[in-house]
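Residue-level structural notes
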Amino acid sequence: MHSNLKSIFARRSIREYKNREVPDNMIKDILEAGMAAPSAVTKDPWHFIVVRNKNMLGQIANGLPNGQMLRKAGVGVVVCGDMNKAHDSQESYMIQDCSAAIENILLAASMLGLGACWLGVHPRRERINHIRGLFSLHDNIVPVSVISIGWPNSIPQARTRYNEAAVHYEKW
Ligand SMILES: Cc1cc2nc3c(=O)[nH]c(=O)nc-3n(C[C@H](O)[C@H](O)[C@H](O)COP(=O)(O)O)c2cc1C
């Protein structure tokens, strides 16, 4: 693998964090990286709710069965999409744009030495409604995921999941 791609393979889902604060300027940089993602017709339909309050992180975790690490995260970022801004008012474009931003955020966090994990919300109705309720979101705002961020307890090995069977040259 080319050494320029190292940071892509070094990004791993990090679920255990040190009890150490994540500085505001790092969060700003990470969000700026998120908003540099590709977006259909550059609609940038994303919004990011930055949560540090432990009580609120716990309340978010109450609705995310696979998101219990949020309780010990320094920051949670709730990634939402605005259906009124999405290209062609299509949910799929909104989700694709937000997902590109989420991956940029995960990569940026990893490149800054932080650990992060994508916690799935969309399309689980009960999770969407849980987040909607907590933040009193308008109907056009759709929570897509929550990203937990903190200083990693340990840093796993970089890895590749290259699978020749998933690659098709010229024809299926
Ligand atoms: C749509 C989506 C939802 C996910 N939801 C969760 C989740 O709720 N909890 C969790 O611990 N990890 C979640 N993950 C992270 C995956 O488990 C992880 O990316 C996968 O195991 C590959 O490992 P890696 O990220 O270390 O490469 C999610 C990832 C995606 C793309």
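Remember, predicted model here, so these are calculated numbers, not experimental data.

About the cut-offs
Residues numbered from 1 in each chain as written. Predicted model: local features only at pLDDT ≥ 70, side-chain atom pairs only at ≥ 80, totals over all residues. Heavy atoms only, no water. Helix = DSSP H or I, 4+ residues; strand = E, 2+ residues; numbered from the N terminus. Rg over C-alpha atoms; globule rule 2.2 N^0.38 Å. Buried < 20%, exposed > 50% of the residue type's maximum accessible area, 1.4 Å probe, protein only. Contact = heavy atoms within 4.5 Å. Near = heavy atom within 4 Å. Polar contact = N/O pair within 3.5 Å; in protein donor to acceptor, adjacent residues only side chain to side chain. Areas by Shrake-Rupley, 256 points an atom, 1.4 Å probe, with all protein chains shown as cover. Pairing = 2+ DSSP bridges. Salt bridge = Lys/Arg side-chain N within 4 Å of Asp/Glu carboxyl O. pLDDT = per-residue confidence, 0-100. Core = buried A, V, L, I, M, F, W, Y, C linked by side-chain atoms within 4.5 Å.

Here we come to the overall build of the protein. When its secondary structure is counted, the protein shows 5 helices and 5 strands. Along the protein, from the amino end to the carboxyl end, the secondary structure elements read α-β-α-β-α-β-α-β-α-β. For 172 residues, the compact-globule formula gives about 16 Å, and the C-alpha radius of gyration of the protein, at 17 Å, lands near that figure. Based on the C-alpha atoms only, the size of the protein along its principal axes is roughly 45 × 45 × 30 Å. The buried share of the protein, reckoned over its 172 residues, is 42%. Considering only residue pairs separated by 6 or more positions, the protein has 75% of its internal contacts joining residues 24 or more positions apart.

Turning to the site of the ligand, a few remarks are in order. The immediate surroundings of the ligand are formed by Arg11, Arg12, Ser13, Arg15, Asn66, Met69, Cys117, Trp118, Leu119, Gly120, Arg159 and Arg161. Interatomic distance of 2.6 Å between a side-chain N/O atom of Ser13 and an oxygen atom of the ligand. Between the ligand and Arg15 there is a distance of 2.7 Å, counted from an oxygen atom to a side-chain nitrogen or oxygen. For the ligand, the protein covers 64% of the area, taking 620 Å² as the surface of the free molecule.

Time to look at the pairing of strand 3 (residues 75–82). For strand 3, the buried fraction is high: 8 of the 8 residues fall into the buried class. Here strand 3 shows a buried face lined by Val75, Val77, Val79 and Gly81 and a second buried face lined by Gly76, Val78, Cys80 and Asp82. Taken together, the 6 bridges between strand 2 (residues 46–51) and strand 3 define a ladder with antiparallel strand orientation. Residue pairing for strand 3: Val50 is matched across the bridge by Val77.

So, on to the pattern of salt bridges. Counted by the stated rule, this structure contains 2 salt bridges. Of the charged contacts, one joins Asp24 and Arg52 as a salt bridge, the two residues approaching to 2.8 Å between their closest N and O atoms. Of the two residues, Asp24 sits in helix 2 (residues 24–34) while Arg52 sits in the loop between strand 2 and helix 3 (54–62), which places them 28 residues apart along the sequence. Judged by relative accessible area, Asp24 falls into the exposed class, the value being 56%. Notably, a salt bridge pairs Glu32 with Lys28, separated by 3.6 Å at the nearest N-O pair. Here Glu32 pairs with Lys28, and both are found in helix 2, just 4 residues apart, close to one helical turn. Looking at Glu32, the relative accessible area reads 48%, which means it is partly exposed.

This paragraph deals with the confidence of the model for the protein. On average, residues of the protein carry a pLDDT of 98, and 100% of them reach 70 or more. At the low end of the mean pLDDT range in the protein sits helix 1 (residues 6–10), at 97; at the high end sits strand 2, at 99.

We now examine the nonpolar core. Of all hydrophobic cores here, the largest spans 29 residues; its most connected members are Phe48, Val77, Met94, Leu114, Ile147 and Ile149. When contributions to this core are tallied by element, the ones reaching two or more residues are helix 2, strand 2, strand 3, helix 4 (91–111) and strand 5 (141–152). For this core, the element with the highest residue contribution is helix 4, accounting for 9 residues. Grouped together as the second largest cluster of nonpolar side chains are 21 residues, Leu57, Cys80, Cys117 and Leu137 included.

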